[in-house]
Amino acid sequence: MTAKPVRVRFAPSPTGHLHLGGARTALYNYLLAKKTGGKFILRIEDTDQKRYVEGAEQEIIDGLRWLGITYDEGPDIGGPFGPYRQTERREIYQTHAKSLVDKGAAYPCFCSAERLEKVRQEQQKRKETPHYDGICRNIAPEEAARRIAAGEKHVIRLRMPQEGTTTAHDHIRGDITVDNKNFDDAILVKTDGLPTYHFAAMVDDHEMQITHVFRGVEWLSTFPLHVNMVRAFGWEEPVWIHLSIFLKPTGKGKMSKREATDALKDGHSIFVKDLKDLGFIPEGVNNWYALMGWGVAEDEVMALDQMAQRFSIDHLTPSPAAINFQKLDHFNGTHIRLLPTAELARRLKPYFRADGLAVDDDTLLKITPLIRERLVTLDDCLAFGAFFFKETVQPTREDLIAKDLDAAQSAAIARRAYQILEAQPDISHARSEAPMRAYVEETGLSPNQVFGIIRVAVTGQKVSPPLFESMEVIGREKVLERLKKAAEILEN
RNA sequence: GCCCCCAUCGUCUAGCGGCCCAGGACGAAGCCCUCUCAAGGCUUAAACAGGGGUUCGAGUCCCCUUGGGGGCACCA
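On a predicted model such as this, the values are computed, not experimentally measured, just so you know.

Peer 1: Please give an account of the side chain of Asp204 that cites residues and values.
Peer 2: Tracing the chain through its elements places Asp204 in helix α6 (residues 197–207). Filtering out sequence-adjacent residues up to four positions away, Asp204 remains in contact with Arg43, Gln86, Arg89 and Tyr93.

Okay, here's the thing in structure tokens:
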């Protein structure tokens, strides 16, 4: 493939949360730019004032930043092809619309939305495909100019060819040929003077010198329309790549609002913001959705820079992909284990803090290697390590009783463990394990039974990081104290 | 209804006419390791939607059927 530097763009509309599909489109753009030494642009498509959501643009920016998908030009950082918000580019669209009208490739249409709606309903009643009836198509330019000058409300429509076919080329799907009679004369500029997506996107992609366009398959049906527009201008076409959508885990249909809520209850989400809050790390998240639609033969675990090296638009797949949250868990856990200890500790800290625990860095650094391979998400650290930061633990009597033993026997073991450990000069892993194993030997019980009692006594839970390492971190004082308390609980 | 797209293990995918009795990953099952839970190692089960062509030869090319998805707005 070409190593020529590309100019690519992610162009979301600020109408909701940044989700998986958007993030993946952004990622592929970013990857291609990095791979070729090109530029990646963020452009905000905010021409629909009705659907505009306050804060959505910021969420997109924050989400991309968190994911590590950085852009070279964008609304918040500027760039040589700005502005990067479409509402700030009105004049540019006006100019281009005028040039198209002058060429006769577009024309003003004075039909009201109400009339069009009526026409549409009548067509549907007659079981016809709804379409614009084209009555303004043949208004003489002079008359149109007069009506515009008189202040009559109008839109600008593209004069689409009414016969023949249009063939457009998609990089992963090949040629797509459609009969031109299936197309309406699409609206380019709305009554409010703002461009529609169709128009604004084509104009901006040209103005910003975009070489490759990644977008969702929802644009595939209007693809020939866009190509016609670009050709009407006489512009060079970019390489088009239509990415498939994500299906819900069952593979039947898109994720619904309800299913998104259910996923959240299960600790998963299709929204970037949630994923962050849920304790997923960008490395894991990126790796996960990158591979839904990009086929890699082997060695699937990759960081962003490795992905950029290996990325190719020739290995993108056209078929829709069902979301698999189990795989997200896998990638997340894998990338957590790949993090250097100090870095992981740094990321874990806020989760302990949020739980109201007094975290000291020294302890945090010691326990990080102990809990690391047990984490699927960052907030799992609480389940495995919260007790390290607590003064006391509250084991239940039930948990303290080992399998096949009774309370008195278990208490005796706790007492004996106390004596053995107290006799040691310190409670380091090296010092504690050997005598304890010797004791297990002596009793004829299983390590599981004996260590189980001590684990519950010392950590307050049945599942914990390795016992001896844990005791070393907890410290001699507290370990002995907790052992004694456990014996008392059992003896009552 | 009309138009367009898609189709390999349960899921994500490799495969771009012979290298494939189809490879990897997640998940599942079993074994090993083991103080719990994990992590790790090994092993197993699991797929070319169906039918026609083209070709010496098809998962790979063409057509049809079926199934799935998307679109048919002064929304993106």
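Peer 1: Account for helix α20 (residues 467–474), naming residues and giving values.
Peer 2: The buried fraction of α20 amounts to 6 of the 8 residues, a majority that puts the element mostly inside the structure. Within the span of α20, buried status applies to Leu467, Phe468, Ser470, Met471, Val473 and Ile474. In this structure, the buried residues of α20 make contact with α14 (361–371), α17 (407–423), α18 (429–443), α19 (447–459) and α21 (476–491). Positive backbone phi, approximately 100°, marks Gly475, located one or two places after α20.

Peer 1: Give a description of the protein's contact with RNA strand B that names residues and reports values.
Peer 2: The local shell around RNA strand B holds 66 residues, among which Arg173, Lys190, Thr191, Arg374 and Arg455 are the closest. One of the side-chain nitrogen or oxygen atoms of Glu45 is found 3.4 Å away from a sugar or linking oxygen of RNA strand B. Side-chain polar atom of Thr47 to a phosphate oxygen of RNA strand B: 2.9 Å apart, as the coordinates give it. Contributions of two or more residues to the surface near RNA strand B are made by α4 (113–125), β6 (174–179), β11 (321–322), α12 (325–338), α19 and α20. Looking at side-chain class alone, the surface near RNA strand B contains 27 nonpolar, 19 polar and 20 charged residues.

Peer 1: So what about the packing of α14 against α20? Which residues, and what values?
Peer 2: Close contact between α14 and α20 brings their axes to 10 Å; oriented N to C, the two are set at 175°. Of the possible angle classes, the one that applies to α14 and α20 is roughly antiparallel. Touching Thr363, Lys366, Ile367 and Leu370 of α14 are Glu469, Ser470 and Val473, all from α20. Residues that form the contact of α14 with α20 fall into these classes: 3 nonpolar, 2 polar and 2 charged.

Conventions we followed
Residues numbered from 1 in each chain as written. Chains lettered and ligands numbered in written order. Predicted model: local features only at pLDDT ≥ 70, side-chain atom pairs only at ≥ 80, totals over all residues. Heavy atoms only, no water. Helix = DSSP H or I, 4+ residues; strand = E, 2+ residues; numbered from the N terminus. Contact = heavy atoms within 4.5 Å. Buried < 20%, exposed > 50% of the residue type's maximum accessible area, 1.4 Å probe, protein only. Near = heavy atom within 4 Å. Polar contact = N/O pair within 3.5 Å; in protein donor to acceptor, adjacent residues only side chain to side chain. Nonpolar A, V, L, I, M, F, W, Y, C, P; charged D, E, K, R; others polar. Axes fitted to C-alpha atoms, helices over the stretch in contact; angles between N-to-C directions. Parallel < 35°, antiparallel > 145°, perpendicular 65-115°, else oblique.

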